[in-house]
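Summary of structural features
Next come the chains, spelled out residue by residue.
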Amino acid sequence: MLYRLIVGNFSSFAEQVQFDMFPNLKRENFTHHVYNDEEKIPVLKTCALYGANGSGKSNFISALKFIKSFATEFNLGSDPESIISFFKSSRFKLPVQEGSPMSFLIEFGNEAATYIYTFEINETGIIDETLYLSGLGKAESIPLLSRQLSTITFSNKIATKEIIDIIERQLKANPSLSALSIIGKLRLIDNHYINDAFVWLDTQLEIIEVSHQIPWLIEQLNHQPDVMAFVKNVFSNIGLGIKDLSIRNESFEEWLTYADAEDKRAITKFLESSPKIAENRSFAKMNRQFPLFTITEEDGMRTVKELLFYQFGKNGYVGAMECEAQSSGTLRLLTLVPAIYYAIFNKKTVVIDEIDNSIHPVLIKELIKYFGESDSNGQLIFTTHETALLNQQELLRPDEVWMIEKVSGVSRMYSLNDFKIHKTLSLENGYLDGRFGAIPFLGTIDILENENK
């Protein structure tokens, strides 16, 4: 679960801003939208972020994406100067925060424990990095590892001197890397808490941007029948005229007999330059951020896998159609539905930028309602402009709605929970009327007539 995020001096977030998933327990509607473990603190399962274009919603997504990559990618910044370049390009550009470090804090956890991971960057590089075992506000947080520049310390003799020497050598040789990524990728320390925190950031935090590509999606669906069954169920029940989906699996030689001439040339050229595909690995032809087909080497045999949509025609006719025949909205949906499955069944925290991009409002509403009513064990956090979702009687509690507003170039975040809201109030009308801020301020748009008209 994601508990909270604090970001400062990053993109349009000049001063530190906090986002959290803490519910208002006085609210009586949708109590099943709150995970209420007596041993921990309550946390929300859903959150929608609203704001005008350019307010900072995508910067919020970028902050989460950077935290994840910094904490888990061992190859991040193979160039020692890359983290300094990142600071210079991504810090708040206006002079308000000049000289201040870029700061990040994320609090997250699972049934085992809750963690706080924090780090700061300035024009010289990574200043500090600390992983805590969170006390959840009930007790003092315990530092598990602490890094200042290339020096690292651990609590309770977690690591031997020899291991510490190895990590510090890595930090000196790769100053753009995080200590957590080095420990997690090289498996240097046998500590349950540190490894657990690394695994959550690496595998349980899923971030889907507008241009998100999943080249291995067909392989994913092929090897995970439960996910494929979920996708089929959703697509056959949301009014797209699709009865079923399947994966066509055939030998590479069979595929060549009818493949498009351009595809043949491109694939042949690729295979000539890379004659052996690594065992159980695949490559995909992409279009509109979606894999049209994948070619895989399995047990010495090359196979081609392609997703087929069985669509209704007149008089009950059902025909198989390839991905290229599908709309951008349908393909976008295919990148979202598996992620929602993981949020429901695999305890993942899924963060989606512009969830309504290319998808009809009625469909998005049903997906959000479906997730809210499901017996999920994960979280769904998304940015959107779709005001129809602001319905506290059907979809979202006020504390599940956050606003991002930019004033004088500075983004700030706040929850609707900060307002006194009666349970009968239409949140959509209130938002569109400007009651909560975070809407575009429109001046007069002058249309110039052509003088020669």
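Residues numbered from 1 in each chain as written. Predicted model: local features only at pLDDT ≥ 70, side-chain atom pairs only at ≥ 80, totals over all residues. Heavy atoms only, no water.

If you walk across this open sheet you meet the six strands as 11-17-18-5-19-20, and the pairing is mixed. Looking at the sheet topology across the chains shown, the edges are occupied by strand 11 (205-208) and strand 20 (410-415). On average, each strand axis in the sheet is tilted by 15° relative to the strand beside it, whichever way the strands run. Against the sheet, helix 5 (residues 192-204) makes contact with strand 11 and strand 17 (349-352), and its axis sits at roughly 30° relative to strand 11, the strand it touches most. (Pairing = 2+ DSSP bridges. Helix = DSSP H or I, 4+ residues; strand = E, 2+ residues; numbered from the N terminus. Axes fitted to C-alpha atoms, helices over the stretch in contact; angles between N-to-C directions. Contact = heavy atoms within 4.5 Å.)

Another point: the packing of aromatic side chains. The geometry of an aromatic ring pair comes down to the distance between the two centres and the angle between the two planes. Inspection of the entire model under this criterion finds 25 aromatic pairs. Taken together, a centroid distance of 4.0 Å and an interplanar angle of 15° make the contact between phenylalanine 66 and phenylalanine 86 stacked. Taken together, the residues span a long stretch of sequence, with phenylalanine 66 in helix 1 (residues 57-72) and phenylalanine 86 in helix 2 (residues 82-90) at a distance of 20 residues. Ring centres of tyrosine 414 and phenylalanine 419 lie 6.1 Å apart, and the angle between their planes is 55°; on these two criteria the pair is classed as tilted. An aromatic cluster is defined as three or more aromatic residues linked by ring pairs; in this entry it consists of Phe10, Phe66, Phe70, Phe86, Phe104, Tyr117 and Phe119. Of note, lysine 45 hangs over the ring of phenylalanine 371, and the distance from its end group to the ring centre comes to 5.4 Å. Here the basic side chain of lysine 348 rests over the ring of tyrosine 342, its NZ or CZ set 4.7 Å away from the ring centre. (Phe/Tyr/Trp six-rings, centres within 6.5 Å; stacked < 30°, edge-to-face > 60°. Lys NZ or Arg CZ within 6 Å of the ring centre and 35° of its normal.)

Turning next to the environment of arginine 397. Relative to the helices and strands, arginine 397 resides in the loop between strand 18 (379-383) and strand 19 (401-407). Using a relative accessible area of 1% as the deciding quantity, one classes arginine 397 as buried. C-alpha of arginine 397 to C-alpha of arginine 27: the two residues are 370 residues apart in sequence and 8.0 Å apart in space. Excluding anything up to four places from it in sequence, arginine 397 contacts Pro23, Asn24, Arg27, Asn29, Phe30, Thr31, His33, Val34 and Leu44. From its side chain, arginine 397 meets the backbone oxygen of asparagine 24 in a polar contact 3.0 Å long. At 3.0 Å, the side chain of arginine 397 and the backbone oxygen of asparagine 29 are in polar contact. (Buried < 20%, exposed > 50% of the residue type's maximum accessible area, 1.4 Å probe, protein only. Polar contact = N/O pair within 3.5 Å; in protein donor to acceptor, adjacent residues only side chain to side chain.)

On to helix 11 (residues 361-373). Turn by turn, an α-helix covers 3.6 residues, leaving residues three or four places apart pointing in a common direction. In a regular helix each residue adds 1.5 Å, so 13 residues correspond to 18 Å; helix 11 covers 18 Å between its end C-alpha atoms and thus fits that length. Residues Leu363, Ile364, Leu367, Ile368, Phe371 and Gly372 constitute the buried set of helix 11. In the core, the buried residues of helix 11 are packed alongside strand 5 (46-50), helix 7 (225-235), helix 10 (328-345) and strand 18. (Expected span 1.5 Å × (residues − 1).)

Among the nonpolar cores identified, the biggest contains 71 residues, and Phe19, Phe60, Phe104, Ile106, Tyr117 and Phe154 are the most heavily contacted of them. For phenylalanine 60, the contacting residues outside a window of four places in its chain are Leu5, Phe13, Phe19, Leu49, Ile381, Ile404 and Met413. Membership of the second largest hydrophobic core comes to 65 residues, among which are Phe230, Phe283, Cys323 and Ile421. (Core = buried A, V, L, I, M, F, W, Y, C linked by side-chain atoms within 4.5 Å.)

What the rule picks out here adds up to 14 salt bridges. Where lysine 365 meets glutamate 394, a salt bridge forms, and the shortest distance between an N and an O atom there is 3.5 Å. You can see lysine 365 sitting in helix 11 and its partner glutamate 394 sitting in the loop between strand 18 and strand 19, a full 29 residues away along the chain. Classification of lysine 365 by relative accessible area gives partly exposed; the value is 24%. A residue is classified by how much of its surface remains accessible, and glutamate 394, at 36% relative accessible area, is partly exposed. (Salt bridge = Lys/Arg side-chain N within 4 Å of Asp/Glu carboxyl O.)

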